[in-house]
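Residue-level structural notes
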Amino acid sequence: MNRRSRLFAGIFLILVSCYLLLPFLMTLVYSLFSEWTDILPHGFTLRNYGNLFSDPEFWSSIARTLVLCAVSVLLTITVLLLAMYVIIAVNRNLRGFMQIVCMIPYALQGVILSISIISIYSGTGTFLSNRLLMLFGAYTILVLPYIYQGICNSLNAISSETLLEAAQVLGCGKFRAYLQVIIPNILSGVFISALLAESIVFGDFVLANNIAGNNYQNIQVFLNRRMFKSSGLASAIVVVIFAVVLLITGMVLKLQKPQTGRENG
Amino acid sequence: MNRRSRLFAGIFLILVSCYLLLPFLMTLVYSLFSEWTDILPHGFTLRNYGNLFSDPEFWSSIARTLVLCAVSVLLTITVLLLAMYVIIAVNRNLRGFMQIVCMIPYALQGVILSISIISIYSGTGTFLSNRLLMLFGAYTILVLPYIYQGICNSLNAISSETLLEAAQVLGCGKFRAYLQVIIPNILSGVFISALLAESIVFGDFVLANNIAGNNYQNIQVFLNRRMFKSSGLASAIVVVIFAVVLLITGMVLKLQKPQTGRENG
Amino acid sequence: MSYIEFRNVVKRFGDATVLDHLTFSVRQGDLVTLLGPSGCGKSTLLRCLAGLETVTEGKIFLDGTDITDLPSSSRNIGMVFQQYSLFPNMNVEQNIGFGLKMEKCPPDEIRGRVRDAVALVELEGKEKAYPASLSGGQQQRVALARAVVMRPKVLLLDEPLSAIDAKLRKSLQQRIREIHKELGLTTIFVTHDQDEAMVMSDMIQLFHAGRIEQAGTPISVYTAPVSVFAAGFMGSYNQIDGAVFSRLSGMQIPPEDMVAIRPETISLSREKTAQQGCCELSGTVLDSTPRGNVLRYRLQVEDTEFRVDVLFRSFHLFQAGERLWLTIPERDCLRILKGAETA
Amino acid sequence: MSYIEFRNVVKRFGDATVLDHLTFSVRQGDLVTLLGPSGCGKSTLLRCLAGLETVTEGKIFLDGTDITDLPSSSRNIGMVFQQYSLFPNMNVEQNIGFGLKMEKCPPDEIRGRVRDAVALVELEGKEKAYPASLSGGQQQRVALARAVVMRPKVLLLDEPLSAIDAKLRKSLQQRIREIHKELGLTTIFVTHDQDEAMVMSDMIQLFHAGRIEQAGTPISVYTAPVSVFAAGFMGSYNQIDGAVFSRLSGMQIPPEDMVAIRPETISLSREKTAQQGCCELSGTVLDSTPRGNVLRYRLQVEDTEFRVDVLFRSFHLFQAGERLWLTIPERDCLRILKGAETA
């Protein structure tokens, strides 16, 4: 019976992963073959990738996306680390309030966020009406809950309040203890949540399209424009994006492993 | 000094929340006033809301969104609960594999997912090429990581493996023990992650627009079409969506509270 | 005849051998303690018996039946875990009745047997309480009732008291012992605490690195350890090199032996007593510490330090620096092979 | 003169009063234990002294200075926490040197003092190890070194050993005691374990519900409890109603008193001894349990049960059912007011 249920288990999980991976595998096939009219595709070609990699717009949209990722994630991390200091060291009762504030962006996704932001700031005529600035601001909001969750979990994992107390008793001021003792110990956890947040920014289309559009074309906007021109080329872009994001996700998983081990040990 | 740092703390958190809430508050004002040319808006009106609530398309798009939410989330929960049984009771080593599989949708967001799905299934001419079916399938993938995380955390919180062993020793078969002992104890946790997932589906525009478009207009597609007609009406829609999602998020927070309390106790 | 029997049981996790060709048996009705430091394999043995782990080699018999390949749910075994593991969504009554419901007992019988079990662990009035509202000790009593209500062939207790406060632990040890006597259940108790094993057991199986180092009644294991490991684990034996002890006492001990002397077998007095069958040494009090209801003196006898335990009575109080006579009955000077630790 | 002084200290959390107008003092160089059941306020007191909690009312003095409002980092206090709380990203050396670096000690001096502290806790060779690779006992020794290397005015230990295994705990108790003697540091030790308090302390402050129930040397608190609570918490006193004991022994005890008798003050014998100043009762052995190096007998004397502890020696072994004489010195029959529990 044990063997039968193991067999059942294997089949079940293979089905689930097929369901999840099939779209991607088919896209991969599309991007590598020129025709697929029969059961099997034929006409293997790397032309789609050649075209893509020789397109300067592709590279600049990748570069823009990376800048967007880096700036918004770093900004959010800095603001949140300061906010968490306030919560841990000054007033623990604010934690509930902070949690509500950081959940709000779950409700402020995609279309809503972009409309709200444009409708407020675009007419002001100040530096705030700069579309690029708006986009950075929007992404900062978008990644907030993910990074907040990551920082919170890391702080709980090291029982940060006791560490802070231990450092204080040893003659270290509160803020200094936070910088020198707490932050070095949560860095790897924060890095993981940052990577996750990067993959969210990387995957965004709505904000980039609605707020910046042609002014600052990110990789998803680039993809969306190309998909109507050539399905083979679009497939190649999808494969590249997927590979990059999978790489990021893989790094996250690899980094998470030792953490789990330490908890058990 | 303690008082000064508390003051600083308060100001800092107020600034952060302003940054997050301002877009929404401004949208609220837009939706309630007919003009805003001076510093203060004037001409208070509920006309936008009247128009919105009397529009049958609004109600049907809300209904469609709710159906999408319910079906996709329930489907995902069912599949994942079965998968987790396999992992807990049959082969614990599969957990790592499962985690990787469930992280894939982070990489498969928005445009990529919709392009992949359309490009595979739309040409097949089978029942799989039904756009509505595709949309349900896509949402099932979209919410997978959130629900997986929720189920995993709940299972860890009750140390499910020991409970399963305890039930077995008391003469209960494995699968029966999973249904009668484990699932009732994680239901509230699963419910919370389901609500979060609902708010993700509620906020989606790209999938609904790219896959189903006019065939099955969800609330975000409806919003996107209206925003070019009347900014006041669009603001009203934003306020309604925001209120609904905030309500969901609020429920999540309220439900999470007692759980945390139990851990401390 | 043995009621539970392990025949040549081996358990490996990957490369690590946790149980190493283990053979031992338990008589019906006994309370047997598996005692040993953490990681010695005692919990794994219990889990093999419960069917929660499969054995790599060997056979397990219960009441004459080979249960090696039976699933957990068909072994008719009761088990109490270290972490209570009550079902959080069920109240005390439902937790205790869960196993009976699985057996499809009639509701009337369930009600009666649950009532008896609640009375047995003295939790009357808590029937409708949920586990989260109970203290650790109460939760563990519910877990105990949930196991014994099934009238299992054998009751397994896997360090059930290690998460409980010192004071409460002692009263629960007592209660478990009483319940064992009342029901006559064959019971296997796992612990790393030697005091607990002494209080609880009919028989002790002392574990060391996946093997049984010594087996016997608490008194025999305590008073006659077979190895340096057993002497070190079971009590705070004074362990003295054979050559050194020969020089101090004048007794003839081969230098390849160790001499092990329990601190409570040594008597202290201000005058030489010249008792029959005893050796007497002269030493100086270094200090004394109260340990429970015993005073522990450390004394310097030439180059060797002795620990001596006496009851906490006023006429036993000596000062640091006092010169005293240590009287040691010769039969309490146990000889242990030095190499025996690796046995 | 007192080195640490609490004057009328009150601490409230919301509506709950955790410390209730507490006044007590500690002499320089003493090792004082705050003993009491969990939730009695002893840890809170320690945290107030360390500056990790602010007091609601009252004053705290250290070495003649009012430190009530000083921040934690300026109090010059060393503290060891229950959960070790080492800095995970620093190795043993860096953990121990952290406080000295904060004080801007020259690197050479840091190196020397860290080396001494490592030697003091016997962790030579582990200097470069990270906390995650150390056992619980080793981590706690690092935490101890990290505190004493600062040469604090007072060392606070907040249940430092409660997460550590029984065997290891005893050797660490010994080590802490030795370090205290070596450095002469004023030390306050918090524990809920009465045996630990007996072993460790110069003075015990017995806590009960936010107040000090009894203070004194371990021996005085143990041998002369002032209340039913103290007698129950400090040992396993036989507590017998005055009227009942008068009837059994013929001594004249007022019925509003309780009589408390430590089990180890009672002697057992097969013959009547007719000793001076003792009362003798006749009883039947119910059973015996080995507890460490003591055998505990339960005896039935008419309608009352007595617990008697004797050393684990072969000539002390009696059988269940034997009829024996209990000899109790009259000065060991302590009288306690019944109502004293609420004091």
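Only a predicted model underlies this, so the values are computations on that prediction, with no experimental measurement involved.

A closer look at the overall build of chain C
- Helix and strand counts for chain C come out as nine helices and 18 strands.
- Here the C-alpha coordinates of chain C stretch approximately 75 × 45 × 35 Å along the principal axes.
- For chain C, contacts bridging at least 24 residues in sequence account for 66% of all contacts bridging at least 6.
- Looking at chain C as shown, the accessible area adds up to about 14,100 Å², and 49% of this sits on carbon and sulfur atoms.
- Seen as two clouds, the 39 positive and the 42 negative side-chain charges of chain C have centres 4 Å apart.

Points about helix H8 (residues 174-203) of chain B
- Approximately 50 degrees is the largest bend angle found in H8(B), and it occurs at B:Leu187.
- Of all 30 residues in H8(B), 21 are buried, a share of seventy percent or more.

What to know about the packing of aromatic side chains
Residues and elements named next belong to chain A.
- Per the stated rule, a full pass over the model turns up 22 aromatic pairs over all chains.
- On the numbers, 6.3 Å between centres and 40 degrees between planes, the contact of Tyr49 with Phe53 is tilted. Note that Tyr49 and Phe53 are positioned in helix H2 (residues 47-53) at a spacing of four residues, about one turn of the helix.
- You can call Tyr49 buried: its relative accessible area is 12%.
- Among the residues examined, Phe53 registers a relative accessible area of 39% and is labelled partly exposed.
- Counting every residue linked through ring pairs, the aromatic cluster contains Tyr49, Phe53, Phe58 and Trp59.

Digging into the pattern of salt bridges
- Using the criterion set out here, one finds 48 salt bridges over all chains in the structure.
- Where C:Glu264 meets C:Arg262, a salt bridge forms, and the shortest distance between an N and an O atom there is 3.1 Å. C:Arg262 carries the same exposure label as C:Glu264, and that label is buried.
- Connected through salt bridges with shared partners, the residues A:Glu165, D:Lys11, D:Arg47 and D:Glu53 form a single ionic network.

A word on the interface of chain D and chain C
- Each side of the interface is counted separately: chain D has 36 residues, and chain C has 37 residues.
- At the boundary of chain D with chain C, total buried surface from both sides reaches about 3,300 Å², with 50% on carbon and sulfur atoms.
- When residues of chain D are sorted by the area they lose upon contact with chain C, D:Lys167, D:Asn293 and D:Phe312 head the list and together hold 17% of the total.
- At the boundary of chain D with chain C, the tally comes to two salt bridges.
- With a shortest N-O distance of 4.0 Å, D:Asp195 and C:Lys170 are connected by a salt bridge.
- Residue assignment for the side of chain D that touches chain C shows that the elements contributing at least two residues are helix H5 (166-183), helix H6 (194-200), helix H7 (218-223), helix H8 (228-234), strand S14 (278-291), strand S15 (294-301) and strand S16 (304-311) of chain D.
- No other element matches S14(D), which puts four residues into the side of chain D that touches chain C.
- Taken together, the residues of the side of chain D that touches chain C break down into 12 nonpolar, 11 polar and 13 charged.

Some points on the sheet that holds S14(D)
Residue and element names in this part refer to chain D.
- Read from one edge of the open sheet, five strands run S13-S17-S14-S15-S16, paired in antiparallel fashion. The sheet terminates laterally at strand S13 (267-269) and S16, the two strands that pair on one side only. Between one strand axis and the next, the sheet turns through 45 degrees on average, direction left out of account.

Observations concerning the environment of D:Arg111
Residues and elements named next belong to chain D.
- With respect to the helices and strands, the residue Arg111 is situated in helix H3 (residues 107-120).
- For Arg111, a relative accessible area of 51% corresponds to the exposed category.
- For Arg111, the side chain forms a polar contact with the side chain of Asp108, separated by 3.2 Å.

Quick notes on the pairing of strand S10 (residues 211-216) of chain C
Residues and elements named next belong to chain C.
- Pairing geometry for strand S9 (residues 203-208) and S10, over five bridges, is antiparallel. Bridge pairing in S10 places Phe207 opposite Ile212.
- In this antiparallel pair of consecutive strands, S9 and S10, the connection spans two residues, and Ala209 shows a positive phi of 55 degrees.

So, the sheet that holds strand S5 (residues 65-66) of chain C
Residue and element names in this part refer to chain C.
- Strand order in the open sheet formed by four strands is S2-S1-S4-S5, with antiparallel pairing between adjacent strands. The sheet terminates laterally at strand S2 (16-27) and S5, the two strands that pair on one side only.
- In the sheet, strand S1 (residues 2-13) pairs with strand S4 (residues 57-62) via five bridges, with the strands oriented antiparallel. Bridge pairing in S4 links Glu5 to Phe61.

As for the domain arrangement of chain A
All names here are of chain A.
- In terms of domain boundaries, chain A breaks down into domain 1 (1-45) and domain 2 (57-264).
- For domain 1, the biggest contributors to the area lost against domain 2 are Phe24, Thr27 and Ser31; these three give 75% of the whole.
- At the surface where domain 1 touches domain 2, the tally comes to zero salt bridges.
- For the interface between domain 1 and domain 2, the tally reads zero residue pairs in polar contact (both at pLDDT 80 or more).
- Here the residues of the side of domain 1 that touches domain 2 are counted per class, giving three nonpolar, two polar and no charged.

Calculation notes
Residues numbered from 1 in each chain as written. Chains lettered and ligands numbered in written order. Predicted model: local features only at pLDDT ≥ 70, side-chain atom pairs only at ≥ 80, totals over all residues. Heavy atoms only, no water. Helix = DSSP H or I, 4+ residues; strand = E, 2+ residues; numbered from the N terminus. Contact = heavy atoms within 4.5 Å. Areas by Shrake-Rupley, 256 points an atom, 1.4 Å probe, with all protein chains shown as cover. Lys, Arg positive; Asp, Glu negative; His and termini not counted. Charge placed at Lys NZ, Arg CZ, Asp CG, Glu CD. Bend = angle between axes of the 7 residues up to and from the residue. Buried < 20%, exposed > 50% of the residue type's maximum accessible area, 1.4 Å probe, protein only. Phe/Tyr/Trp six-rings, centres within 6.5 Å; stacked < 30°, edge-to-face > 60°. Salt bridge = Lys/Arg side-chain N within 4 Å of Asp/Glu carboxyl O. Buried area = accessible area lost by both parts, 1.4 Å probe. Nonpolar A, V, L, I, M, F, W, Y, C, P; charged D, E, K, R; others polar. Pairing = 2+ DSSP bridges. Axes fitted to C-alpha atoms, helices over the stretch in contact; angles between N-to-C directions. Polar contact = N/O pair within 3.5 Å; in protein donor to acceptor, adjacent residues only side chain to side chain. Domains from an automatic or database assignment.

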